[in-house]
Amino acid sequence: MAREISLFNTYHQKENRVTNYIGLMLKLLYEEDAIAFRKALNILLNDSWVEVGPVFRQQTHIASSVPDLTIEQKRFTVRFEIKLSDWFTRPQISAHINGMPDVVEDDISVLVLLSPEEIKPEERFTEEAEQAAKRGIQVISTTFQKLLESIQRNPASSTGSLNSLISEFEDFLNEEGLIPKWQRILDVVNSGRLFHEIENYNVYCCPDTPGAYSHERAKYLGAYKDKMVALVAEIEGVVIVSLDKKQKLSTSVKHSLPSITPATIAQLEQRALEFVSANSERRAELQHYDLQVFILAPVESTEFHKDSPGGMFGSKRYFRDIPKEVTNAKELATFLYGKGWSEWDLIAS
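Residues numbered from 1 in each chain as written. Predicted model: local features only at pLDDT ≥ 70, side-chain atom pairs only at ≥ 80, totals over all residues. Heavy atoms only, no water.

K.L.:
Help me understand the side chain of Ser 242 in this model?
P.N.:
Mapped onto the fold, Ser 242 is located in strand β9 (residues 228-243). For Ser 242, a relative accessible area of 16% gives the class buried. When sequence neighbours within four positions are dropped, the list of residues in contact with Ser 242 reads Lys 248, Leu 249, Ser 250, Leu 286 and Asp 290. (Helix = DSSP H or I, 4+ residues; strand = E, 2+ residues; numbered from the N terminus. Buried < 20%, exposed > 50% of the residue type's maximum accessible area, 1.4 Å probe, protein only. Contact = heavy atoms within 4.5 Å.)

K.L.:
Would you explain the side chain of Thr 70 in this entry?
P.N.:
Within the element layout of this structure, Thr 70 appears in strand β2 (residues 69-72). Beyond its immediate sequence surroundings of up to four residues, Thr 70 is in contact with Val 55, Phe 56, Arg 57, Thr 60 and Ile 62.

K.L.:
Looking at this structure, I do not really get the sheet that holds strand β5 (residues 137-143). What am I missing?
P.N.:
Within a sheet, each strand pairs with its neighbour through backbone hydrogen bonds, oriented either parallel or antiparallel. As summarised here, the arrangement of the three strands in space is β3-β4-β5, forming an open sheet in which the pairing is parallel. Sheet topology places β3 (76-82) and β5 at the edges, where each strand pairs with a single neighbour. Shown here is a sheet whose adjacent strand axes are inclined to one another by a mean of 25°, direction ignored. Pairing geometry for β3 and strand β4 (residues 108-115), over seven bridges, is parallel. Paired with Ile 82 across the strands is Leu 114, a residue of β4. (Pairing = 2+ DSSP bridges. Axes fitted to C-alpha atoms, helices over the stretch in contact; angles between N-to-C directions.)

K.L.:
Can you help me understand the packing of helix α1 (residues 14-32) against helix α6 (residues 144-152) in this one?
P.N.:
Angle between the axes and distance between the axes: these two values describe a pair of packed helices. Look at α1 against α6: their axes get within 11 Å of each other, and the N-to-C directions meet at 20°. In terms of their interaxial angle, α1 and α6 are classed as roughly parallel. As α1 runs across α6, the sense of the crossing is left-handed. Residues Val 18, Ile 22, Met 25, Leu 26 and Leu 29 of α1 touch α6, and the partners they reach there are Phe 144, Leu 147 and Ile 151. (Parallel < 35°, antiparallel > 145°, perpendicular 65-115°, else oblique. Left-handed = near helix turned anticlockwise from the far one by under 90°.)

K.L.:
I tried to follow the pattern of salt bridges on my own but got confused; where do I start?
P.N.:
Any two side chains of opposite charge can pair, on the condition that their charged atoms come close. Counted according to the given criterion, the structure contains 13 salt bridges. Note that Lys 83 is salt-bridged to Glu 81, the shortest N-O span being 3.4 Å. Assessed through its relative accessible area of 11%, Lys 83 is described here as buried. Among the ionic pairs, Glu 216 bridges to Arg 320, the shortest N-O distance being 2.7 Å. Of the two residues, Glu 216 sits in the loop between β7 (203-207) and β8 (220-225) while Arg 320 sits in the loop between β13 (316-319) and α11 (329-336), which places them 104 residues apart along the sequence. Under the relative-accessibility criterion, Glu 216 is labelled partly exposed at 30%. Residues joined in a network through salt bridges with shared partners are Glu 197, Arg 282 and Glu 285. (Salt bridge = Lys/Arg side-chain N within 4 Å of Asp/Glu carboxyl O.)

K.L.:
Looking at this model, I keep getting lost on the nonpolar core. Mind explaining?
P.N.:
Side chains of nonpolar character tend, in soluble globular proteins, to be buried together. Core analysis: the largest hydrophobic core is formed by 32 residues, its most contacted members being Ile 22, Leu 45, Phe 144, Leu 147, Ile 151, Phe 169 and Leu 173. Of all the secondary-structure elements, those providing two or more residues to this core are α1, α2 (34-44), β3, β4, α6 and α7 (160-175). (Core = buried A, V, L, I, M, F, W, Y, C linked by side-chain atoms within 4.5 Å.)

K.L.:
What should I look at first to understand α1 in this one?
P.N.:
A turn of α-helix holds 3.6 residues, and therefore any two residues three or four places apart point the same way. Taking 1.5 Å of rise per residue, 19 residues should cover 27 Å, and α1 covers 27 Å from first to last C-alpha, within 8% of that figure. Turning to α1, its buried residues number three or more, namely Val 18, Asn 20, Ile 22, Gly 23, Leu 24, Met 25, Leu 26 and Leu 29. (Expected span 1.5 Å × (residues − 1).)

K.L.:
I would appreciate a short explanation of empty space enclosed by the protein in the present structure.
P.N.:
By rolling a water-sized probe across the atoms, one finds the places where empty space is left. What the rule picks out here adds up to one cavity of 30 Å³ or more. Roughly 100 Å³ of volume is contained in the largest cavity. Residue lining of the largest cavity: 15 residues in total, with Arg 217, Ala 218, Ile 235, Val 238 and His 255 positioned closest to the centre. Mapped by element, the contributors of at least two residues to the lining of the largest cavity are β9, β10 (249-256) and β11 (291-296). Top element by residues in the lining of the largest cavity is β9. It accounts for four residues. The residue makeup of the lining of the largest cavity, split by class, is six nonpolar, five polar and four charged. (1 Å grid on protein atoms, 1.4 Å probe; cavity = no way out; pocket = protein on both sides within 12 Å on 5 of 7 lines; lining within 4 Å. Points joined across faces, edges and corners; volume = space filled by probe spheres on them. Nonpolar A, V, L, I, M, F, W, Y, C, P; charged D, E, K, R; others polar.)

K.L.:
What should I look at first to understand the packing of aromatic side chains in this one?
P.N.:
Think of a pair of aromatic rings as described by two things: how far the centres are apart, and how the planes are tilted against each other in angle. Applying the stated criterion across every chain, the model contains 11 aromatic pairs. The interplanar angle of 75° and the centroid separation of 5.4 Å between the aromatic rings of Tyr 30 and Phe 37 together place this pair among those described as edge-to-face. Residue Tyr 30 is classed as partly exposed on the basis of its relative accessible area, which comes to 41%. A ring pair is formed by Phe 304 and Phe 319, whose centres lie 5.1 Å apart and whose planes are at 65°; its orientation type is edge-to-face. Taken as a pair, Phe 304 in strand β12 (residues 300-305) and Phe 319 in strand β13 lie far apart in primary sequence, 15 residues in all. An aromatic cluster of at least three residues, connected via ring pairs, comprises Tyr 224, Phe 304, Phe 319, Phe 335, Trp 341 and Trp 344. The ring of Trp 182 is capped by Arg 217, whose NZ or CZ atom sits 4.0 Å from the centre of that ring. The ring of Phe 335 is capped by Lys 339, whose NZ or CZ atom sits 4.8 Å from the centre of that ring. (Phe/Tyr/Trp six-rings, centres within 6.5 Å; stacked < 30°, edge-to-face > 60°. Lys NZ or Arg CZ within 6 Å of the ring centre and 35° of its normal.)

K.L.:
Where do I start with unusual backbone geometry in this structure?
P.N.:
Glycine aside, a negative phi is what most residues show, and trans is what most peptide bonds show. Here the phi dihedral of Asn 202 falls at roughly 55°; this positive angle occurs in a residue that is not glycine. Within the secondary structure, Asn 202 is located in the loop between α8 (195-201) and β7. Judged by relative accessible area, Asn 202 falls into the buried class, the value being 18%. With a phi angle near 65°, Gln 247 is a residue other than glycine that sits in the positive phi range.

Here you go:
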């Protein structure tokens, strides 16, 4: 059942919520500035020329007549299939194309495949793309990052009511793992006596509370001890473990890698449950607060030194903008080895 885009949506499924917020941002941009919306849409559609709103012309030759004034609006249709990972299927794409309106004269009809990473529709869905082209329909792929940038580039996004929502929208996309910002962040935790949990069990635990223990989404976790980050690992997922009213352990996945499968998500929850169940100290903590359990891939040793006086202040520190050439924990460990924290702004790019 079709619904109007609304700030007060009642969707529970993640994909539906993401879709609603994207539609809401585009709708607000249009209401703020129709020209800015047109520019954003054309950037998103790979520089297609979509006219938004009526066009006013004088003395236009139409067949055998010349009206003094003409006000007309070109028809365009842009439909989105939104996926949180690369789960596009041939039957679904074919059905969408079949439902697209035929292009008449200079109409524009575009099916947009929106996901975290671009795909090549002409290669993945060759037959469907060819059939679409015969009817004048474009099938294009774009990303959440490009969507965000198309909105951010507009002057309307830096003034007015929309401005305050842009950073929140970016944070939302980042937290949901839909833009690559989080994939270039190292979250260094002051592990202290918990260092052995990271080293031996590939797990880091902390309270699921606001403030000091609130963590931004990050791709990597670093374990700090004795004035250096000695271990780094990729974060496979963050699982919230809590006690229900019957004092039974329950779990929910806060974050996981975008490419992860439902079966692997169940494994993350199982690993978190097994760790907390076997740890009496951790289970006792659940009487006071829920736990965030960071499930880690195999750890890699490194030596990334805090080269300023004193120890680490606070429970965490973020190192952002890890070079794009670094793609896994082993490469990160090698990149960091022997460097000092004071060098970060120089070595990161």
